[in-house]
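# Structural overview for review
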Amino acid sequence: MPPTSDSGGSGPRDLRRPGPAGDRPPARWAHRPVIAFRIVSVLFTVNTLVQAALAGLFVNGDVGLLTAHDVNAHVLTMMLVAETAAATVAWRARANRVWPTVLGAVLLVLIVVQQIAGYSRNLLLHIPLGVALFGGACTMTVWAFTLTLPVRTLKALHR
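Residues numbered from 1 in each chain as written. Predicted model: local features only at pLDDT ≥ 70, side-chain atom pairs only at ≥ 80, totals over all residues. Heavy atoms only, no water.

Another point: the overall build of the protein. When helices and strands are counted, the protein shows 5 helices and 0 strands. Listed by position from the N terminus, the elements making up the protein come as α-α-α-α-α. Split into buried and exposed, the 159 residues of the protein put 33% on the buried side. A sequence separation of at least 24 residues applies to 69% of the contacts in the protein between residues at least 6 apart. As displayed, the protein has an accessible area near 10,000 Å², and 70% of this comes from carbon and sulfur atoms. (Helix = DSSP H or I, 4+ residues; strand = E, 2+ residues; numbered from the N terminus. Buried < 20%, exposed > 50% of the residue type's maximum accessible area, 1.4 Å probe, protein only. Contact = heavy atoms within 4.5 Å. Areas by Shrake-Rupley, 256 points an atom, 1.4 Å probe, with all protein chains shown as cover.)

Quick look at the structure:
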């Protein structure tokens, strides 16, 4: 019969219910949210750079790239949602602080304003927002690679 918490305190602790935080075994999976955050951050930053290249080529006369720029804008939005979700999961796994999640939310608002400015052809707003989004993407990527895992997770990974 498996041990239960109803054993009156004299038997072993219920393995299905974790005790206080100090009693929990190290989580061997706690590095996965950080890895996911790093991968999505790099992909988003590279795709933001691709978006700027598409815009530059369009401005130089390749009108066909406007459609690619438009499609990539939607891909960037979905990638930013994934990056913000990955930052949130990494934060909840106690691998980082909350501010990458907040920055991701701010970048989501900026990317929506960016798309509205692009569709309305407001280049005075569209171009500086694009630069700000690239700066935010670089900041998130740098943050993702400076994360440190909790000591208990590092010990579990080396077992």
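There's plenty left to go through after this.
Moving on, we get to the layout of surface pockets. In this structure, the largest pocket encloses a volume near 850 Å³. Taken together, 27 residues line the largest pocket, and the ones lying closest to its centre are Q51, A55, H69, Q114 and H126. Counting only elements with at least two residues in the lining of the largest pocket, the list comes to α1 (32–59), α2 (65–92), α3 (99–119) and α4 (123–145). Top contributing element to the lining of the largest pocket by residue count: α1, with 8 residues. For the lining of the largest pocket, the class distribution of residues is 16 nonpolar, 9 polar and 2 charged. (1 Å grid on protein atoms, 1.4 Å probe; cavity = no way out; pocket = protein on both sides within 12 Å on 5 of 7 lines; lining within 4 Å. Points joined across faces, edges and corners; volume = space filled by probe spheres on them. Nonpolar A, V, L, I, M, F, W, Y, C, P; charged D, E, K, R; others polar.)

Of all hydrophobic cores here, the largest spans 18 residues; its most connected members are F37, F44, L80, L107, I111, M140 and L147. Taken together, the elements giving at least two residues each to this core come down to α1, α2, α3 and α4. Looking at this core element by element, the count peaks at 6 residues for α2. What L80 contacts, discounting residues up to four positions off in sequence, is F44, G104, L107, L108 and I111. (Core = buried A, V, L, I, M, F, W, Y, C linked by side-chain atoms within 4.5 Å.)

Close contact between α1 and α4 brings their axes to 9 Å; oriented N to C, the two are set at 155°. One element, α1, and the other, α4, form an angle in the roughly antiparallel class. Of the two elements, α1 crosses α4, and the hand of that crossing is left-handed. Where α1 abuts α4, its residues V34, F37, R38, S41, V42, F44, T45, T48 and L49 lie against L133, F134, A137, C138, M140, T141, W143, A144 and F145. (Axes fitted to C-alpha atoms, helices over the stretch in contact; angles between N-to-C directions. Parallel < 35°, antiparallel > 145°, perpendicular 65-115°, else oblique. Left-handed = near helix turned anticlockwise from the far one by under 90°.)

Right, let's talk about the packing of α1 against α2 for a bit. Where α1 meets α2, the closest approach of the two axes is 9 Å, and the angle between their N-to-C directions is 160°. With respect to α2, the axis of α1 lies roughly antiparallel. α1 and α2 meet at a crossing whose hand is left-handed. Its residues placed into classes, the contact of α1 with α2 shows 25 nonpolar, 6 polar and 1 charged.

With respect to the helices and strands, the residue T48 is situated in helix α1. Judged by relative accessible area, T48 falls into the buried class, the value being 8%. Distance from T48 to C138, taken between C-alpha atoms, is 9.5 Å for residues 90 residues apart in sequence. Ignoring anything within four residues of it in the chain, the contact list for T48 reads L76, L133, F134 and A137. A polar atom in the side chain of T48 sits 2.7 Å from the backbone oxygen of F44. (Polar contact = N/O pair within 3.5 Å; in protein donor to acceptor, adjacent residues only side chain to side chain.)

What follows covers the confidence of the model for the protein. The predicted model of the protein averages 81 in pLDDT, with 72% of residues at 70 or higher. Every residue in residues 4–26 scores below 50 in pLDDT, and together they form 19 contacts with partners more than four places removed in sequence or on other chains. (pLDDT = per-residue confidence, 0-100.)

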